[in-house]
Amino acid sequence: RTPPPPKQPPPLIISGNNPGFIGAPDQRQERCQYIINEGTSTTYIKGRLLGKGGFAKCYELTDVKTKKVYAGKIISKSRLTKPHQKEKILREIELHKSLKHRHVVAFHSYFEDNENVYIILECCSMKSLVHVLKCRKSLTEPEVRYFMRHLVEGCRYIHQQRVIHRDLKLGNMLLNDKMQTKIADFGLATRVEYEGEKKMTVCGTPNYIAPEVLQKKGHSYEADIWAMGCIMYAMLVGKPPFETSTLKETYVRITANKYFVPPHVTRPARNLITKLLAADPQNRPTLDKILSDEFFASGHLPKNLSISCCESPPKFT
Ligand code: ADP
């Protein structure tokens, strides 16, 4: 029997819904300058808002003692009224806290007070690839090689830990101040319990949903490879492959595997997209196969990218 590690934080119970605060906690959150983890007596100063999600608001938090800057995901308990919403947060914490890799957002700690649940994460100050693409419209092939390599390496680690992310998308590819990609948001992730296990449902709606997930046929790691195909396409083309004006029509196209790759996309890039978006999950390449694909050797693969790439295409000399 192994004893629990000494500094393990107490389990989250997400107790109480603070009915007295309904309508008000967001304002309290806005005003409060300090956030205290009572369990470890750590005080954070709340800084700028980094982003808002379905449940969470994410702020820059500075540990007053060490001066280290983190991203603090703050989830108001008044919004966690249904049992499955609490379960989602608990699962996210449970899965994410065990992951440690240079291309996965580092998990630092978590705690709760009467109003909120706090998840303290590595801070990715350059936001996400969604923001880059909004500004740039589309990216060059060297940049796509660079970001895809980070994504594959991070995802290979996640899969080795028997976790399927299930919501890989541009908005979950965060960037730090060195333009390194970090996979974020394990809210829809799941752990594979035994070899060959097929998951039948997802508690939520993945953005780049794979056909086998949509059709509830049973899915596994290959659903993440499909999402990578959508991400690669979106980076090169400027919009996702199956985008239409309605979700229903998008789902029809996903099921029919109907998408169009514009002619400016080079042959090696087009070929890799086709492999990643194979309708049958069995036919999609493994992560190792992706990295050895012709696409990565068919042109420049930068070691680093400048933050100026967030606004304008890089000039490689
Ligand atoms: P939710 O689970 O409620 O959807 P997200 O995990 O998507 O919340 O976080 C909300 C937003 O906060 C994200 O879109 C992103 O812009 C920002 N964010 C999340 N984590 C970080 C981080 N580690 N560093 C910087 N910004 C982050």
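Shown above is the structure to which this text applies.
Residues numbered from 1 in each chain as written. Predicted model: local features only at pLDDT ≥ 70, side-chain atom pairs only at ≥ 80, totals over all residues. Heavy atoms only, no water.

### Focus on the overall build of the protein
Part 1 of the reasoning: Within the protein, the secondary structure is distributed over 10 helices and 10 strands.
Part 2 of the reasoning: Within the structure as shown, the protein displays about 16,300 Å² of accessible surface, and the carbon and sulfur contribution to it stands at 53%. (Helix = DSSP H or I, 4+ residues; strand = E, 2+ residues; numbered from the N terminus. Areas by Shrake-Rupley, 256 points an atom, 1.4 Å probe, with all protein chains shown as cover.)

### Concerning the packing of helix 6 (residues 222-237) against helix 8 (residues 267-276)
Part 1 of the reasoning: As a packed pair, helix 6 and helix 8 sit with axes 8 Å apart at the nearest point and diverge in direction by 150°. Classed by the angle they form, the pair helix 6 and helix 8 counts as roughly antiparallel. Seen from above, helix 6 lies across helix 8 with left-handed handedness. Along its contact with helix 6, which presents Ile225, Trp226, Met228, Gly229, Met232, Tyr233 and Leu236, the element helix 8 presents Ala269, Leu272, Ile273 and Leu276.
Part 2 of the reasoning: Across the contact of helix 6 with helix 8, the residue classes tally to 10 nonpolar, one polar and no charged. (Axes fitted to C-alpha atoms, helices over the stretch in contact; angles between N-to-C directions. Parallel < 35°, antiparallel > 145°, perpendicular 65-115°, else oblique. Left-handed = near helix turned anticlockwise from the far one by under 90°. Contact = heavy atoms within 4.5 Å. Nonpolar A, V, L, I, M, F, W, Y, C, P; charged D, E, K, R; others polar.)

### Observations regarding helix 6
Part 1 of the reasoning: The end-to-end C-alpha distance of helix 6, which contains 16 residues, comes to 23 Å, matching closely the 22 Å that a straight helix rising 1.5 Å per residue would cover.
Part 2 of the reasoning: Phi turns positive one or two residues past the end of helix 6, at glycine 238, with a value near 100°. (Expected span 1.5 Å × (residues − 1).)

### Examining the packing of aromatic side chains
Part 1 of the reasoning: Counted by the stated rule, this structure contains nine aromatic pairs.
Part 2 of the reasoning: Summarising the aromatic geometry, the rings of phenylalanine 242 and tyrosine 259 are spaced 5.5 Å apart at their centres and angled 75° between planes, so their arrangement reads as edge-to-face. Here phenylalanine 242, found in the loop between helix 6 and helix 7 (247-256), pairs with tyrosine 259, found in the loop between helix 7 and helix 8; they are 17 residues apart in sequence, far enough to count as distant.
Part 3 of the reasoning: Phenylalanine 242 sits in the buried class, given a relative accessible area of 4%.
Part 4 of the reasoning: Both rings, one in phenylalanine 295 and one in phenylalanine 296, keep their centres 5.3 Å apart while their planes meet at 70°; by these two values the pair is edge-to-face.
Part 5 of the reasoning: A residue is classified by how much of its surface remains accessible, and phenylalanine 296, at 8% relative accessible area, is buried.
Part 6 of the reasoning: Ring pairs connect the aromatic residues Tyr44, Tyr70, Phe111 and Tyr118, which therefore count as one cluster.
Part 7 of the reasoning: Here the guanidinium or amino end of lysine 46 rests over the ring plane of tyrosine 59, the centre of that ring lying 4.3 Å away. (Phe/Tyr/Trp six-rings, centres within 6.5 Å; stacked < 30°, edge-to-face > 60°. Buried < 20%, exposed > 50% of the residue type's maximum accessible area, 1.4 Å probe, protein only. Lys NZ or Arg CZ within 6 Å of the ring centre and 35° of its normal.)

### Some remarks on the environment of aspartate 177
Part 1 of the reasoning: By secondary structure assignment, the location of aspartate 177 is in the loop between strand 8 (173-175) and strand 9 (181-183).
Part 2 of the reasoning: Measuring from C-alpha to C-alpha, the distance between aspartate 177 and lysine 68 comes to 14 Å, with 109 residues separating the pair along the chain.
Part 3 of the reasoning: Beyond its immediate stretch of four places on either side in the chain, aspartate 177 contacts Ser125, Met126 and Ile307.

### Examining empty space enclosed by the protein
Part 1 of the reasoning: Scanning all chains against the criterion turns up one cavity of 30 Å³ or more.
Part 2 of the reasoning: Considered as a void within the structure, the largest cavity measures approximately 90 Å³ in volume.
Part 3 of the reasoning: Along its surface, the largest cavity is lined by 14 residues, and Arg166, Asp167, Pro206, Tyr208 and Ala223 are the ones closest to its centre.
Part 4 of the reasoning: Of the residues assigned to the lining of the largest cavity, the class counts are nine nonpolar, two polar and three charged. (1 Å grid on protein atoms, 1.4 Å probe; cavity = no way out; pocket = protein on both sides within 12 Å on 5 of 7 lines; lining within 4 Å. Points joined across faces, edges and corners; volume = space filled by probe spheres on them.)

### Remarks on the site of the ligand
Part 1 of the reasoning: Inspection of the region around the ligand gives 17 residues, with Phe55, Ala56, Lys73, Glu122 and Cys124 positioned closest.
Part 2 of the reasoning: Here a nitrogen atom of the ligand sits 3.0 Å away from a polar atom, N or O, in the main chain of cysteine 124.
Part 3 of the reasoning: About the coverage of the ligand: the protein hides 87% of its 550 Å² of free accessible area.
Part 4 of the reasoning: Mapping the ligand onto the cavity grids shows that it belongs to the largest pocket.
Part 5 of the reasoning: Elements represented by at least two residues in the shell around the ligand include exactly strand 2 (42-52), strand 3 (56-63), strand 4 (69-76) and strand 6 (116-122).
Part 6 of the reasoning: Ranked by residue count, the leading element in the shell around the ligand is strand 2, at three residues.
Part 7 of the reasoning: Class assignment of the residues belonging to the shell around the ligand gives a composition of 10 nonpolar, three polar and four charged. (Near = heavy atom within 4 Å. Polar contact = N/O pair within 3.5 Å; in protein donor to acceptor, adjacent residues only side chain to side chain. Sits in = over half its atoms within 2 Å of the grid points.)

### Focus on unusual backbone geometry
Part 1 of the reasoning: Residues other than glycine seldom take positive phi values, yet lysine 137 does so here, at roughly 75°.
Part 2 of the reasoning: With respect to the helices, strands and loops of the structure, lysine 137 is situated in the loop between helix 3 (129-136) and helix 4 (141-160).
Part 3 of the reasoning: A relative accessible area of 57% places lysine 137 in the exposed class.
Part 4 of the reasoning: Positive phi outside glycine occurs at lysine 216, with the angle close to 50°.
Part 5 of the reasoning: Inspection of the secondary structure puts lysine 216 in the loop between helix 5 (211-214) and helix 6.

### Some details on the nonpolar core
Part 1 of the reasoning: Judged by nonpolar contacts, the single largest core of 60 residues is most densely connected at Phe147, Met148, Met228, Met232, Met235 and Ile290.
Part 2 of the reasoning: Within the residue set of this core, elements represented by two or more residues are helix 3, helix 4, strand 8, helix 6, helix 8, helix 9 (287-291) and helix 10 (294-297).
Part 3 of the reasoning: Residue contributions to this core peak at 13 residues, all from helix 6.
Part 4 of the reasoning: Among residues more than four places away in sequence, those in contact with isoleucine 290 are Val152, Ile225, Met228, Leu272, Leu276, Pro285 and Phe296.
Part 5 of the reasoning: Core analysis: the second largest hydrophobic core is formed by 17 residues, Leu50, Leu80, Ile89 and Tyr110 among them. (Core = buried A, V, L, I, M, F, W, Y, C linked by side-chain atoms within 4.5 Å.)

Honestly, it's all geometry; don't read function into it.
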